[in-house]
Amino acid sequence: LPPVISHDATAGRVSGAASLRWGLPEGALVSCGGGDNMMSAIGTGTLEDGLLAMSLGTSGTLFGHSDKPIVDPSVRLAAFCSSTGAWLPLLCTMNCTVASEQIRSLLSLGLEGFNALAESARPGAGGLVVLPFFNGERVPNLPHGRASVQGARADNFTAANLARAAMESAIFGMKAGLEAFTSQGFSAREIRLTGGGSKSRLWRQLTADIMGLPVRVPRVDEAAAMGAAFQAQFCLERSSLSAPEASRGSAPRGIVAIARDYLEAEESGLIHPDPEAAGYYERAYQSYVQYLEALSPLYR
C-alpha cells in the first residue's frame, strides 16, 4: 500500500506508464483520495458540527462531521477520521432498502406502484413491524439475523401496511444510530439524504418524520464523486499557489469553502417533520425496539 498522507497533501503526479495505460494526462496532479463515505461527506457539505448525512441504498449509512473524536462504547458507531482533517463517526446497517425491495418483488409491483401502496397506509403501518435482517446485520450485531414480520393481526395484515412497514424499518435502524450520536453529545440539526432511496418523496418524508429532523436532498445524485471533485479542486488550488504568494501569507480556499460555494448555489429546500406523524412513529419505533430485543437472542 502507498504511504498514508494527510488530507491536504498531494499524492503525486500521473506517471508516463499510467498515462499510457489509462489515458490520463501525464503530470496531472493526484490528490490524496478517501473512502466512499468520506467523499460523500464532502459532496453533501456535511462539514460542520450538527450535520448528518444518510445514504439509503442496499445498505444504509448515517455519518456526521465532528471536530473531536467520537468513540461509542456501545460500538454502534465506527470511529472514522474524515477526509478534511476532522472525524466522521458512522453507523452502517446491512439492510436498508433490502426489505422494501424483497416485499416489492413479492407483491410484483414496480417502484411507483409500491410507493403508492405504502403511502396509502397510515404512519406506523397499523402496528405491523418488519425486522429487515434479510442479510444478517452489522448494527445491531446480528450476523446470523433473519427477517420477520411482527405485530400482525387480522385487521392490519394488508399489503399496504406490509409495504409501509418495510420502508419504516429501514429508518428505524437509522434512528438507533441517531440515538448513539446523541448519547455521545452530538447535537444533530439537519440530515443530508443521498442514495437511491432519496429519490422517493415518501422515503424523504419518512426520514424526516421518524428521525425528527429536517431533511435536505442534494441536487447532485453522486455525492461521493462530487466530493472527490471538490477534493481535486482543493488540491489543484493549493498546488497552484506560487512561492511568493505563500511567503506573503496567501492561502488557497479550504475544501470546506469550495464545497460550500458550490452547494449553496445548488441548495434544495428542507423537508420538515410532520408533527402529526410524531406520535405514531414514536409508538412504532418502541414496538420495533421491543421485538428486536425479544428476538435478538435467537440470532447471536
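Note: the structure precedes this text.
Calculation notes
- Residues numbered from 1 in each chain as written.
- Predicted model: local features only at pLDDT ≥ 70, side-chain atom pairs only at ≥ 80, totals over all residues.
- Heavy atoms only, no water.
- Buried < 20%, exposed > 50% of the residue type's maximum accessible area, 1.4 Å probe, protein only.
- Helix = DSSP H or I, 4+ residues; strand = E, 2+ residues; numbered from the N terminus.
- Contact = heavy atoms within 4.5 Å.
- Salt bridge = Lys/Arg side-chain N within 4 Å of Asp/Glu carboxyl O.
- Pairing = 2+ DSSP bridges.
- Polar contact = N/O pair within 3.5 Å; in protein donor to acceptor, adjacent residues only side chain to side chain.
- Core = buried A, V, L, I, M, F, W, Y, C linked by side-chain atoms within 4.5 Å.

Chemist: What am I meant to see in helix H3 (residues 98-106) here?
Modeler: One full turn of an α-helix is made of 3.6 residues, so residues set three or four places apart face in the same direction. Along H3, the residues classified as buried are Val98, Ala99, Ser100, Ile103 and Arg104. Packed against the buried residues of H3 are helix H4 (111-119), strand E7 (129-131), helix H5 (159-183) and helix H6 (201-211). Within two residues after H3, serine 108 carries a phi angle of roughly 55°, on the positive side.

Chemist: In this structure, what is going on with the pattern of salt bridges? I would like to understand it.
Modeler: In a structure, side chains of opposite charge can pair up when their charged atoms sit close to one another. All told, the structure shown has 12 salt bridges when counted by the stated rule. The partner of glutamate 119 in a salt bridge is arginine 201, with the nearest N and O atoms 2.8 Å apart. On the criterion of sequence distance, the pair formed by glutamate 119 in helix H4 and arginine 201 in helix H6 is long-range, its members being 82 residues apart. The shortest N-O distance in the salt bridge between arginine 192 and glutamate 190 comes to 2.6 Å. Given the relative accessible area of 12%, arginine 192 is considered buried.

Chemist: Quick question: what am I supposed to make of the sheet that holds strand E4 (residues 60-64) here?
Modeler: Two pairing modes exist for strands in a sheet, parallel and antiparallel, and in both the strands are linked by backbone hydrogen bonds. The strand order E5-E6-E4-E3-E9-E10-E11 describes an open sheet built from 7 strands, whose pairing is mixed. Either end of the sheet is taken by a strand with one partner, and the two such strands are strand E5 (78-81) and strand E11 (270-271). Bridge count between E4 and strand E6 (residues 87-93): 4 bridges; the pairing is antiparallel. Across the sheet, the residue bridging to phenylalanine 63 is leucine 90, located in E6.

Chemist: How do you make sense of the environment of asparagine 115 when you look at a structure like this?
Modeler: Within the element layout of this structure, asparagine 115 appears in helix H4. Distance from asparagine 115 to serine 200, taken between C-alpha atoms, is 7.9 Å for residues 85 residues apart in sequence. With residues up to four places along the chain from it excluded, the contact list for asparagine 115 reads Met167, Ser200 and Leu202. Engagement of the side chain of asparagine 115 in a polar contact is seen with the side chain of serine 200, the distance being 3.4 Å.

Chemist: Sorry if this is basic, but what is going on with the nonpolar core here?
Modeler: Within soluble globular proteins, side chains that are nonpolar generally end up buried alongside one another. If you look at the biggest cluster of nonpolar residues, it comprises 53 residues, and the most contacted ones within it are Met54, Leu56, Leu62, Met174, Met211 and Tyr288. Where this core is concerned, the elements lending two or more residues are strand E3 (51-56), H3, H4, E7, H5, strand E9 (190-194), H6 and helix H10 (275-295). Broken down by element, this core gets its largest block of residues, 12 residues, from H5. Counting residues in hydrophobic clusters, the runner-up holds 10 residues, among them Ile42, Ile255, Ile258 and Leu263.

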